[in-house]
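# Architecture and fold: a report
Read off the chains here:
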There are 2 protein chains.
Amino acid sequence: MDFVPALGYIAGFCTTVAFLPQVYRAWRTKSCKDLSPGMLMLFAIGILLWLIYGILIQELPIIIANGATFVLVILIVILKFRFD
Amino acid sequence: MDFVPALGYIAGFCTTVAFLPQVYRAWRTKSCKDLSPGMLMLFAIGILLWLIYGILIQELPIIIANGATFVLVILIVILKFRFD
């Protein structure tokens, strides 16, 4: 694989799996009060737009990373609604 | 401006300004304990790699958005170290 797409995949891997420890922490502590609702809302909208952008410029790393991140962020939003 | 770069800028605007309410909340409540340190670390690394990726594929929306997001995420990391 070429270096640049590989770098995109590694970047996407990091910013996506980053939300796994956040989901785990929220689930374990049953607390999301320090997570800003404005942050979650804007971030979810932004990730969805990045996903559409990635589809339009046909950059697979952007599509895969933002698709997966969107799922995890929605999971965090659900946990916040449930626990707060 | 064409639609696709404009969409990239709007996406980048959302995922970047998303961290402003998070910085404000952390500052106001003096609490970051619900923020996962693993999330912050992986996310900061990932955003830095997205920034390099954006420079290499010469996509200005990716460069600007990730450059600004990186600054805000580092600010949140500093607040977490200070308050936790």
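The rules we used
Residues numbered from 1 in each chain as written. Chains lettered and ligands numbered in written order. Predicted model: local features only at pLDDT ≥ 70, side-chain atom pairs only at ≥ 80, totals over all residues. Heavy atoms only, no water. Contact = heavy atoms within 4.5 Å. Buried area = accessible area lost by both parts, 1.4 Å probe. Polar contact = N/O pair within 3.5 Å; in protein donor to acceptor, adjacent residues only side chain to side chain. Helix = DSSP H or I, 4+ residues; strand = E, 2+ residues; numbered from the N terminus. Nonpolar A, V, L, I, M, F, W, Y, C, P; charged D, E, K, R; others polar. Axes fitted to C-alpha atoms, helices over the stretch in contact; angles between N-to-C directions. Parallel < 35°, antiparallel > 145°, perpendicular 65-115°, else oblique. Left-handed = near helix turned anticlockwise from the far one by under 90°. Buried < 20%, exposed > 50% of the residue type's maximum accessible area, 1.4 Å probe, protein only. Arc of directions from axis to C-beta. Least-squares fit on C-alpha atoms with pLDDT ≥ 70 in both. Core = buried A, V, L, I, M, F, W, Y, C linked by side-chain atoms within 4.5 Å.

This part is about the interface of chain B and chain A. Each partner contributes to the interface: chain B provides 41 residues, whereas chain A provides 41 residues. Carbon and sulfur atoms make up 73% of the area that chain B and chain A hide from each other, which totals about 3500 Å². It is Asp34(B), Trp50(B) and Tyr53(B) that lose the most area in chain B upon contact with chain A, and together they represent 20% of the buried surface on that side. Across the contact surface, chain B and chain A share 15 residue pairs in polar contact (both at pLDDT 80 or more). At the level of secondary structure, the elements contributing two or more residues to the side of chain B that touches chain A comprise helix H1 (3-17), helix H2 (19-29), helix H3 (37-56) and helix H4 (60-83) of chain B. With 13 residues, the single largest contributor to the side of chain B that touches chain A is H3(B). Residue composition of the side of chain B that touches chain A, by class: 28 nonpolar, eight polar and five charged.

To continue, consider the packing of H2(B) against H4(B). Residue and element names in this part refer to chain B. Close contact between H2 and H4 brings their axes to 10 Å; oriented N to C, the two are set at 15 degrees. With respect to H4, the element H2 is oriented roughly parallel. Both H2 and H4 take part in a crossing whose hand is left-handed. Counting all contacts with H2, which are made through Phe 19, Leu 20, Gln 22, Val 23, Ala 26 and Trp 27, the residues of H4 involved are Thr 69, Leu 72, Val 73, Leu 75, Ile 76, Leu 79, Arg 82 and Phe 83. Split into classes, the residues belonging to the contact of H2 with H4 amount to eleven nonpolar, two polar and one charged.

The next subject is helix H2 (residues 19-29) of chain A. Residues that lie three or four places apart on an α-helix share one face, since the helix turns once every 3.6 residues. Among the residues of H2(A), Phe19(A), Gln22(A), Val23(A), Arg25(A) and Ala26(A) are the ones counted as buried. Summarising the axial view, the buried residues of H2(A) lie within an arc of 165 degrees, below the 170-degree limit, and thus occupy one face. Next to the buried residues of H2(A) lie helix H1 (3-17), helix H3 (37-57) and helix H4 (60-83) of chain A together with H3 and H4 of chain B. Just beyond H2(A), the residue with positive phi is Lys30(A), at close to 55 degrees.

Before going further, it helps to examine the relation of the copies chain B and chain A. The transform that puts chain B on chain A rotates by 180 degrees and translates by 0.0 Å along the axis, for an RMSD of 0.0 Å. These values place the two chain copies in the arrangement generated by a two-fold rotation axis. For chain B, the smallest separation between a C-alpha atom and the rotation axis is recorded for Asp34(B), amounting to 2.6 Å. Comparing interface residues between copies, 100% of those in chain B also sit at the interface in chain A, which points to an isologous, same-surface contact.

Once that is clear, we can look at the nonpolar core. Core analysis: the largest hydrophobic core is formed by 32 residues, its most contacted members being Phe19(A), Leu35(A), Phe43(A), Phe19(B), Leu35(B) and Phe43(B). When contributions to this core are tallied by element, the ones reaching two or more residues are H2, H3 and H4 of chain A together with H2, H3 and H4 of chain B. In this view, Leu35(B) contacts Gln22(A), Arg25(A), Leu35(A), Gln22(B), Leu40(B), Ile76(B) and Lys80(B); residues no more than four positions away in its chain are not counted. Counting 16 residues, the second largest nonpolar core, distinct from the first, contains Leu7(A), Ala65(A), Cys14(B) and Ile62(B).

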